Every structure is written in structure tokens, then in C-alpha cells.
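Close look at the chain arrangement
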Amino acid sequence: MDFKQFLKNRGVIAAMFMAIFYQVIFMVIYIPGYSAIPKNIDQMNVALVNEDSNYGETIAGQLSEELPFHVETGYSLEESRDMLNDRDLQLVIHIPSDFTANLTSGETQPGIDFYTNESNPTIITSTTQSVIDQVQAQLGEQFSISKAEGILANFNVPEDQASELAASIQNSLDVNTVTINEVPDGMHNQMAPMFLTLVSYVGAMIASLMLTGTFRDMKAKIGKWKSYLYMNIVTVMIAVIAPLIGISILFAIHGYGSTTFMHLWMHHALELFVALQFTSVFCLLAGQLGMILNLPIMLAQVIANGSVVTRDMMYGVYRAISYVSPMYYSVQSDYSIMFGGGKLASYEWHLALIGVAAIVINVLIVAVVHRKNQDTNKENVPSPAFI
């Protein structure tokens with residue numbers, strides 16, 4: 001065999017195709033997806049709660065105009081904190097009712113409260129801290145002696161007393177930052193939800209290719225429905241056993257307690273089962289070529305899972321994908337389980353619904369596509385390797 005004949009081998013052609021195909025889909029999906037940061041950082045949702053009807057109104061108006069985010073002003077402090085816990089808001093700025101009184105009395109420092117939720121992607125936590133620093137610097141400048149004298153004069157404070165109070169006000173703004181759902185130190189903790197979800201999903205992609213191949217081999221011997229049943233029994237076994245490995249490795253590096261371990265195990269058993277069903281749709285439909293369909297879908301979900309780019313910041317196509325993405329609901333559940341936060345039941349229900357839909361589609365594929373005498377094992381394209 002000469003080299004030209006070797007190049008014509010289907011395996012060589014497939015290898016060259018996959019090397020090029022992977023680069024194309026990776027760059028086409030990742031580059032536009034991650035370009036949303038910092039372009040769409042203005043889509044962050046910030047609640048501004050003002051309870052002071054005097055100078056607080058002025059500050060609230062200025063912040064609403066100057067903050068480069070989507071500022072909500074119609075919520076109470078309790079509502080805002082609940083939404084922050086649910087990750088519907090990324091920051092809450094609270095101007096208390098006694099702000100002007102403290103400003104004019106000079107006895108107590110006027111204060112502003114900032115509420116942040118660390119159970120979020122790194123881009124959110126770093127941006128909210130930047131906002132806090134920015135607002136503190138802005139208001140510190142605003143409370144310079146010359147401006148403070150004018151402010152106090154507007155409230156009919158005598159000139160001598162205004163000068164004295166202004167001097168005490170300078171650089172005396174009390175910024176109180178309240179952090180909920182704190183994440184332990186270490187980048188590995190912040191990224192753990194994405195890592196746990198991604199390893200399960202990629203493993204599910206490869207496992208579904210192998211299981212559907214076994215289904216195709218065995219259906220002629222034992223019948224397609226029995227073969228499909230056995231395939232799903234193995235799927236359940238994999239879903240229950242496999243997550244223990246990744247979770248145990250994570251806990252060997254940083255433990256979160258036995259209760260969290262059990263919650264993560266149960267959650268990722270569900271996530272892996274759903275991922276196996278989801279990726280099996282394309283493998284049952286197209287055999288080994290189904291991997292070529294699964295690969296770009298997986299890469300798109302890495303953007304759409306909300307671990308780096310939040311749903312509010314995503315471009316439309318990625319936002320749409322997030323609503324049907326097993327990875328999105330898995331990552332959000334991990335944040336709530338590991339660090340705290342609401343909506344856990346909602347995330348799990350959405351994940352389960354995706355799994356039910358995938359099972360229904362798979363049953364229809366087995367019933368319609370896989371005929372009794374149909375040769376469905378003709379594909380010889382080798383499965384790609386993953387890094």
C-alpha cells in the first residue's frame with residue numbers, strides 16, 4: 001500500500017475531518033459567546049432601595065443615572081434580598097431611612113448598605129465589588145467639604161455648624177457590605193459547579209455513543225425493546241455510580257460536609273441520567289455520526305450554562321439554549337447546593353423535565369427508526385478524542 005492509498009482510508013479521512021471540524025465549531029461557538037463580556041455587563045440587574053425621602057432621593061437619582069447597569073427601583077429591601085438570593089438580582093444598594101438625619105446631625109456616620117451574593121459566577125462577584133468601590137469613591141467625592149457645606153445649608157443648618165459638620169463628614173461615609181452565600185477561598189470552589197457538570201456531561205456523551213452501539217449490536221439477537229431496556233438499566237447504574245468519583249475528588253481537596261456530599265450525589269445522579277438520555281437522542285438517530293451532532297451542542301452549553309456568562313448577559317441564541325440545557329440547570333443547582341441560594345427545586349424540576357422529554361424522543365426513535373431488519377450499524381467513523 002502506497003501513501004496515496006493510505007490517505008484514502010476512511011479512518012484517515014475521518015481523523016483529518018475531526019481535526020478541522022473541532023477547530024471550526026470551537027472558534028465559531030466560543031469566540032462569539034464569550035465576547036458578551038464585558039459588552040453585556042450593562043445587563044446586570046441591580047436593585048436600588050431608597051428609604052430616605054430627603055437627600056437619599058438625590059443620591060438615588062444620581063446612582064440610577066450613572067450606574068452602567070439595569071437598575072430596578074420598585075422593590076422593597078426584603079423583596080430585593082429574596083431576589084438576590086435567587087440570583088435574579090446581582091446587587092442590592094440600600095439607602096436607609098435615617099441617612100439624611102445622620103448626615104445633618106453629625107453624631108452618626110451616614111451609611112449605605114450593599115448586599116451581594118457570592119453564589120454566582122466570578123464575573124458577577126468581581127463586578128459587584130467594583131461597583132461598591134465605584135459608588136463609595138463617587139459619594140466620598142460628593143461629600144467633600146465644599147459640597148457638604150452646600151448640602152447642609154440646604155437643610156437650614158447654621159453656617160458655623162455646617163462647616164464643622166462638613167469637616168467631620170469628609171471621608172466618613174459608612175459603607176456596609178453584607179455578603180450572603182459566601183464561597184470558600186480558592187478559584188477551584190468558584191469553578192466547581194462547572195467542573196462537576198462538564199465532566200459528567202462529556203462522560204455521558206461518550207458513554208451514550210458506546211451504549212447505543214451495543215444496543216444496535218444486540219437488538220437483532222434479543223429484540224430492540226429488550227436491548228433498549230437493558231441499555232437504560234445500565235444508564236441508571238452509570239448515573240448512580242459515576243458521580244461518586246468526581247464528587248469524592250472534589251471533597252478530597254475541599255470538603256463541604258456530609259449533607260452537601262449526599263445532595264451533590266443525588267443531584268449529579270439525576271444530571272448524568274438526563275445527560276445520557278439527552279445525548280443518546282443523536283446517537284440513536286445517527287449512530288457514531290451522532291457524536292458530530294453532540295459535540296457542538298455540548299460546546300454551546302458550556303457558554304449557556306451560566307457559570308461564566310449569566311443568562312441576562314448572554315446573546316439571544318445562547319440564552320435560548322440555556323432554557324433547554326441540562327448543563328444550565330445542573331450548574332445553577334450546584335451553586336445552590338454548595339454555597340446557598342434559592343430556586344433549587346425549580347432547577348431540579350426543569351432538569352427532570354428535559355430528561356422526560358429526551359426519553360420520549362428516544363422511545364419514538366427506537367419505535368420508528370430502528371426497524372426489525374434495518375441495518376443500523378454501517379457507520380465506521382471513529383469517535384473523536386476529548387481533552
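The structure this text deals with has already been given above.
Remember, predicted model here, so these are calculated numbers, not experimental data.

What follows concerns the overall build of the protein. From N to C terminus, the protein includes 17 helices and 5 strands. A burial count over the protein gives 47% of its 387 residues as buried. Relative to all contacts within the protein whose residues are 6 or more apart in sequence, the contacts with residues 24 or more apart total 77%. As presented, the protein carries roughly 18600 Å² of accessible surface, and 61% of it is formed by carbon and sulfur atoms.

There is a patch of nonpolar side chains on the surface, built from Ile222, Leu229, Tyr230, Ile233, Val234, Val236, Met237, Val240 and Ile241 and spanning about 760 Å² of accessible area. Among the elements that take part in the nonpolar patch, helix H11 (residues 224-241) stands out by supplying 8 residues, more than any other.

A few words now on helix H12 (residues 243-253). Burial in H12 covers these residues: Pro243, Ile247, Leu250 and Phe251. Viewed along the axis of H12, the buried residues span an arc of 95 degrees, placing them on a single side of the element. Pointing more than 90 degrees away from the buried face of H12 are the exposed residues Ile245, Ile249, Ala252 and Ile253. If you follow the buried residues of H12, they end up packed against helix H10 (187-222), H11, helix H13 (258-286) and helix H16 (326-339).

Our focus in this paragraph is the nonpolar core. Membership of the largest hydrophobic core comes to 62 residues, with the highest contact counts inside it found for Ile29, Ile59, Leu67, Ile93, Ile112 and Met298. The element that contributes the greatest number of residues to this core is helix H14 (residues 290-304), accounting for 9 residues. Counting 15 residues, the second largest nonpolar core, distinct from the first, contains Leu196, Tyr256, Ile337 and Met338.

Two elements in contact, H16 and helix H17 (residues 344-368), have axes separated by 9 Å at closest approach and are oriented at 155 degrees. With respect to each other, H16 and H17 are oriented roughly antiparallel. The two elements H16 and H17 cross, and the hand of that crossing is left-handed. Two secondary-structure elements touch here, H16 through Pro326, Tyr329, Gln332, Ser333, Ser336 and Ile337 and H17 through Leu344, Tyr347, Glu348, His350, Leu351 and Ile354. Looking at side-chain class alone, the contact of H16 with H17 contains 7 nonpolar, 4 polar and 1 charged residues.

The next point concerns the pairing of strand E3 (residues 91-95). Judged by how many residues are buried, E3 sits mostly within the fold: 5 of 5 residues are covered. Along E3, one buried face is formed by Leu91, Ile93 and Ile95 and the opposite face, lined by Val92 and His94, is buried too. Where strand E1 (residues 45-50) lies against E3, 5 bridges are found, and the strand directions are parallel. Residue pairing across strands places Asn50 opposite Ile95, the latter belonging to E3. In this sheet, strand E4 (residues 111-117) lies alongside E3 in antiparallel orientation, the contact comprising 4 bridges. The partner of Val92 across the bridge, within E4, is Tyr115.

With that settled, consider H11. For H11, with 18 residues, the first-to-last C-alpha span of 26 Å sits near the 26 Å given by 1.5 Å per residue. Taken together, the buried positions of H11 are occupied by Lys224, Ser227, Tyr228, Met231, Asn232, Thr235 and Ala239. Buried residues of H11 fall within an arc of 135 degrees about the axis and therefore sit on the same side. Considering only its buried residues, H11 is in contact with H10, H12, H13 and H17.

Evaluated as defined, the whole model comprises 1 salt bridge. A salt bridge links Lys343 to Asp88, with the shortest nitrogen-to-oxygen separation between them at 2.8 Å. Residue Lys343 is located in the loop between H16 and H17, and its partner Asp88 is located in the loop between helix H5 (77-85) and E3; the two are separated by 255 residues in the primary sequence.

The geometry of an aromatic ring pair is captured by the separation of the ring centres together with the interplanar angle, meaning the angle of the planes. A complete count under the given rule lists 14 aromatic pairs for this structure. An angle of 80 degrees between the planes, with centres 5.7 Å apart, marks the rings of Tyr30 and Tyr34 as edge-to-face. Taken together, the residues Tyr30 and Tyr34, both in helix H2 (residues 10-34) and 4 residues apart, mark about one turn of the helix. Its relative accessible area of 29% is what places Tyr34 among the partly exposed residues. A ring pair is formed by Tyr335 and Phe339, whose centres lie 6.4 Å apart and whose planes are at 45 degrees; its orientation type is tilted. Highlighted residues: Tyr335 and Phe339, both in helix H16, separated by 4 residues, approximately one helical turn. The exposure class of Tyr335 is buried, given its relative accessible area of 1%. You can call Phe339 buried: its relative accessible area is 8%. Each member of the aromatic cluster is reached from another via a ring pair, and the members are Phe251, Tyr256, Phe261, Tyr335 and Phe339. Arg311 extends its terminal NZ or CZ atom over the ring of Tyr323, reaching a point 3.7 Å from the ring centre.

Definitions and limits used
- Residues numbered from 1 in each chain as written.
- Predicted model: local features only at pLDDT ≥ 70, side-chain atom pairs only at ≥ 80, totals over all residues.
- Heavy atoms only, no water.
- Helix = DSSP H or I, 4+ residues; strand = E, 2+ residues; numbered from the N terminus.
- Buried < 20%, exposed > 50% of the residue type's maximum accessible area, 1.4 Å probe, protein only.
- Contact = heavy atoms within 4.5 Å.
- Areas by Shrake-Rupley, 256 points an atom, 1.4 Å probe, with all protein chains shown as cover.
- Patch = residues over 30% accessible without salt bridge, like charges linked within 9 Å, V, L, I, M, F, W, Y side chains within 5 Å.
- Salt bridge = Lys/Arg side-chain N within 4 Å of Asp/Glu carboxyl O.
- Arc of directions from axis to C-beta.
- Core = buried A, V, L, I, M, F, W, Y, C linked by side-chain atoms within 4.5 Å.
- Axes fitted to C-alpha atoms, helices over the stretch in contact; angles between N-to-C directions.
- Parallel < 35°, antiparallel > 145°, perpendicular 65-115°, else oblique.
- Left-handed = near helix turned anticlockwise from the far one by under 90°.
- Nonpolar A, V, L, I, M, F, W, Y, C, P; charged D, E, K, R; others polar.
- Pairing = 2+ DSSP bridges.
- Expected span 1.5 Å × (residues − 1).
- Phe/Tyr/Trp six-rings, centres within 6.5 Å; stacked < 30°, edge-to-face > 60°.
- Lys NZ or Arg CZ within 6 Å of the ring centre and 35° of its normal.

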